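Observations on the three-dimensional arrangement
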Amino acid sequence: MLSYIHAYHAGNHADILKHITVSLILSYLCKKEKPFTIFDTHSGSGIYSFSDERLRKTDEAEDGIKRFLARLSEYELSNEHEEERKLIAPYIEIVRAYALKNLYPGSPAIENNFVRPDKDIQILSEFHPTVINELKENARNFNSKPQIHFRDGYEMLKALTPPEIKRGFCLIDPSYEDKKDYDDCIKAITEVHKKWSVGIIALWYPLLTHNEGEVTNLIDRIEFLAESTQSNFLNIRLEVKEPEKFSGLAALYGSGMVIVNPPYTLASDMEKIIPFIKKTIL
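First things first, this report covers the structure right here in the doc. (Residues numbered from 1 in each chain as written. Predicted model: local features only at pLDDT ≥ 70, side-chain atom pairs only at ≥ 80, totals over all residues. Heavy atoms only, no water.)

1. A look at the pairing of strand 9 (residues 252-260)
Within strand 9, 9 of the 9 residues are buried, which leaves the element mostly enclosed by the surrounding structure. As defined by bridge partners, strand 7 (residues 200-208) adjoins strand 9 across 8 bridges and the pair is classed as antiparallel. Its bridge partner being in strand 9, Ile 201 is matched across the sheet by Val 260. Examined bridge by bridge, strand 8 (residues 233-239) and strand 9 share 7 bridges and lie antiparallel to one another. (Buried < 20%, exposed > 50% of the residue type's maximum accessible area, 1.4 Å probe, protein only. Helix = DSSP H or I, 4+ residues; strand = E, 2+ residues; numbered from the N terminus. Pairing = 2+ DSSP bridges.)

Written as structure tokens, this is what we have:
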């Protein structure tokens, strides 16, 4: 949906869950010398400034990544939660490096930190006419040059899979402001998984006070797809607020990630990390 711009929500609790998950998946892929391909269907601007009036308008980063980093510093001083901190260390190293410049890395910037030059390939897509220009400009600062497409993310993914380097990962992160996104991402995952059965496919979804039916259907259908193709499936979920305390349609009380073909360690790692995230930002 072209009215949605992620800058208003960059650095919130949903981003923390999403980006830690992405970092763990890519850390796993980097354990082997074999190259991999990254797809990011809804890339956004790639990098955000904490001074950007769009971030300041919502202040979601204040209760999200800024609080998270501050609490982490306290845990480090007291030597608490060493196991959890070790698991998320690659993500924290990236975020802190950007924070020193008053910046926050979106998923393309985080992914790019794992790309090994002249080996791995990163393919980004963004369809908002303003945001695509921000992405292209910000990508000039990436360590490795990505492929950037000004096109619909679902269409890009379906057109370019299976990739030449078949080992890899895909992040699908729509706005869900248009209810059509729920069906579109299911259709895309179904088609892509059929052609690219070895790919790790990760889908982010919001937990809102008015979308319980859509989310349940989304999870059930993707789980059925995984089971019918004898693929592994993982659903992780972070709730930071109680939905019954909200009124209005825009109440984001949490979010989740559905992953097809997850790395074998991801489930056990996230069982430790999700309670830690919740404790740290509440």
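Anyway, onward from the coordinates.
2. A word on the packing of helix 1 (residues 13-29) against helix 3 (residues 60-78)
Relative orientation of the contacting elements helix 1 and helix 3 amounts to 60°, with a least axis distance of 7 Å. Of the possible angle classes, the one that applies to helix 1 and helix 3 is oblique. Side by side, helix 1 and helix 3 meet where His 13, Ile 16 and Ile 20 of the first sit next to Gly 64, Ile 65 and Phe 68 of the second. When grouped by side-chain class, the residues that make up the contact of helix 1 with helix 3 number 4 nonpolar, 2 polar and no charged. (Axes fitted to C-alpha atoms, helices over the stretch in contact; angles between N-to-C directions. Parallel < 35°, antiparallel > 145°, perpendicular 65-115°, else oblique. Contact = heavy atoms within 4.5 Å. Nonpolar A, V, L, I, M, F, W, Y, C, P; charged D, E, K, R; others polar.)

3. Notes on the sheet that holds strand 8
The strand order across the open sheet formed by 7 strands is 5-4-1-6-7-9-8, and the pairing between neighbours is mixed. Every interior strand has two partners, whereas the edge strands, strand 5 (147-149) and strand 8, have only one. Here the strands of the sheet are splayed against their neighbours by 15° on average, with no regard to which way each runs. Its contacts with the sheet place helix 8 (residues 153-160) against strand 1 (37-40), strand 4 (121-125), strand 5 and strand 6 (168-172), and it is angled at close to 145° to strand 4. Relative to strand 8, helix 11 (residues 266-281) is tilted by about 5°, and along the sheet it contacts strand 8 and strand 9.

4. A closer look at the packing of helix 1 against helix 11
Packed helices, taken two at a time, are described by their axes: the angle between them and the distance between them. One way to put it is that helix 1 packs onto helix 11 with a least axis distance of 11 Å and a crossing angle of 150°. What the angle tells us is that helix 1 and helix 11 run roughly antiparallel. Crossing handedness for the pair helix 1 and helix 11: right-handed. For the pair helix 1 and helix 11, contact is made by His 13, Ile 16, Leu 17, Ile 20, Thr 21, Leu 24 and Ile 25 and by Leu 266, Asp 269, Met 270, Ile 273, Ile 274, Ile 277 and Ile 281, respectively. Its residues assigned to classes, the contact of helix 1 with helix 11 comprises 11 nonpolar, 2 polar and 1 charged. (Left-handed = near helix turned anticlockwise from the far one by under 90°.)

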